[in-house]
Amino acid sequence: MMSKSIHTERLTLRPYRDEDATVVAELIGNLSVSRWLTRVPHPYTPQDALSYFELSSGAENVLAITLEDDVIGGCAIETELAYWLGEPYWGKGYASEAAAALVDRHFRTNTTTLRSGYMPSNRASARVLSKLGFEPADVQDAECRALHTTVSLQKMRLSAESWRARS
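Residues numbered from 1 in each chain as written. Predicted model: local features only at pLDDT ≥ 70, side-chain atom pairs only at ≥ 80, totals over all residues. Heavy atoms only, no water.

> Honestly, the packing of aromatic side chains in this entry has me stumped. Any pointers?
Aromatic rings considered in pairs are described by the distance between their centres and by the relative angle of their planes. Scanning all chains against the criterion turns up 3 aromatic pairs. Three or more aromatic residues link up through ring pairs in this structure, and these residues are Tyr16, Tyr52 and Phe53. (Phe/Tyr/Trp six-rings, centres within 6.5 Å; stacked < 30°, edge-to-face > 60°.)

> Help me out: how do you make sense of the sheet that holds strand β6 (residues 114–118) in this one?
For sheets, the rule is that strands pair by backbone hydrogen bonds, running either parallel or antiparallel. One open sheet holds the 3 strands; their spatial order is β6-β8-β7, and the pairing between them is antiparallel. Every interior strand has two partners, whereas the edge strands, β6 and β7 (135–144), have only one. Here the strands of the sheet are splayed against their neighbours by 30° on average, with no regard to which way each runs. Each of β6 and β8 (149–158) is contacted by helix α5 (residues 123–132), which is oriented at about 155° to β6, the strand it contacts most. (Pairing = 2+ DSSP bridges. Helix = DSSP H or I, 4+ residues; strand = E, 2+ residues; numbered from the N terminus. Axes fitted to C-alpha atoms, helices over the stretch in contact; angles between N-to-C directions. Contact = heavy atoms within 4.5 Å.)

> Looking at this model, I keep getting lost on α5. Mind explaining?
For an α-helix the count is 3.6 residues per turn, leaving residues at separations of three or four pointing the same way. Every buried residue belonging to α5 is among Ser125, Ala126, Val128, Leu129 and Leu132, and all of these are buried. For α5, the angular spread of buried residues about the axis comes to 160°, placing them on one side. Opposite its buried face, α5 presents the exposed residues Arg123, Arg127 and Lys131, each directed more than 90 degrees away. Lining the buried residues of α5 we find β5 (81–85), α4 (94–109), β6, β8 and α6 (160–165). Following α5 by one or two positions, glycine 133 has its phi on the positive side, about 100°. (Buried < 20%, exposed > 50% of the residue type's maximum accessible area, 1.4 Å probe, protein only. Arc of directions from axis to C-beta.)

> Where do I start with the pattern of salt bridges in this structure?
Side chains that differ in sign of charge can pair as their charged atoms come close. Counting across every chain of the model gives 9 salt bridges. Glutamate 60 is the partner of arginine 105 in a salt bridge, and the nearest nitrogen-oxygen pair spans 3.9 Å. With arginine 105 in helix α4 and glutamate 60 in the loop between α3 (46–56) and β3 (62–67), this residue pair connects regions lying 45 residues apart in the sequence. For arginine 105, a relative accessible area of 3% puts it in the buried group. Between aspartate 104 and arginine 108 there is a salt bridge, with the nearest N and O atoms lying 3.4 Å from each other. With aspartate 104 and arginine 108 both in helix α4, this residue pair falls 4 residues apart, about one helical turn. (Salt bridge = Lys/Arg side-chain N within 4 Å of Asp/Glu carboxyl O.)

> Got a minute to help me understand unusual backbone geometry in this structure?
Negative phi is the rule for most residues except glycine; trans is the rule for most peptide bonds. The omega angle of the peptide bond from histidine 42 to proline 43 is 0°, so this bond is cis rather than trans. Here the phi dihedral of histidine 148 falls at roughly 55°; this positive angle occurs in a residue that is not glycine. Structurally, histidine 148 is set in the loop between β7 and β8. Given the relative accessible area of 62%, histidine 148 is considered exposed.

> Where do I start with the packing of α4 against α5 in this structure?
Helix packing geometry: the angle between the two helix axes and the distance between the axes. Two numbers describe how α4 lies on α5: the axes approach to 10 Å, and their chain directions differ by 40°. One finds that α4 runs oblique with respect to α5. Taken as a pair, α4 and α5 cross one another with a handedness that is right-handed. For the pair formed by α4 and α5, the contact residues are Ala95, Ser96, Ala99, Ala100 and Val103 on the first element and Val128, Lys131 and Leu132 on the second. Taken together, the residues of the contact of α4 with α5 sort by class into 6 nonpolar, 1 polar and 1 charged. (Parallel < 35°, antiparallel > 145°, perpendicular 65-115°, else oblique. Left-handed = near helix turned anticlockwise from the far one by under 90°. Nonpolar A, V, L, I, M, F, W, Y, C, P; charged D, E, K, R; others polar.)

> Any chance you could explain the packing of helix α1 (residues 21–28) against α3 here in plain terms?
With their axes 8 Å apart at the nearest point, α1 and α3 run at an angle of 110° to one another. By the criterion of interaxial angle, the relationship of α1 to α3 is roughly perpendicular. The way α1 lies across α3 gives a crossing that is right-handed. Residues Ala21, Thr22, Val24 and Ala25 of α1 form the contact with α3, whose own contacting residues are Pro46, Ala49, Leu50 and Phe53. Split into classes, the residues belonging to the contact of α1 with α3 amount to 7 nonpolar, 1 polar and no charged.

Nothing here speaks to function; it is all geometry.
Here it is as structure tokens:
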């Protein structure tokens, strides 16, 4: 069985631990973060984090992004690739580094086309997906729980062939 943790040059992606709940709630509970995520409520509490950890425990590809074992964000491939970083960690390439490592793991054992998406005004997320080789698929509406409103999402897709061709 493959290790659940993934190590990159600067980061470790590892399963969430109960003791991560407070920092996860602080980071993702910042509306500057949660406003870009459709499934995350605002406010977000440590209990919300613990519920998510329990729901996703045992999932191979639901991981905390850590820097020197401090949680700075999270990434997952459940039905789609999803990722987030706490605001203090924006603009340092961490999202691209973490997402690339998770996508690489996914395509080592899976040939299914991977999907993701971003709100069009979230240029940082658009750049992450573009760097990974994702291409536009369609535009869909989704409910943003943090903002209590419907938002447009630019849906993206990445095939195993495209992923392998980039390296």
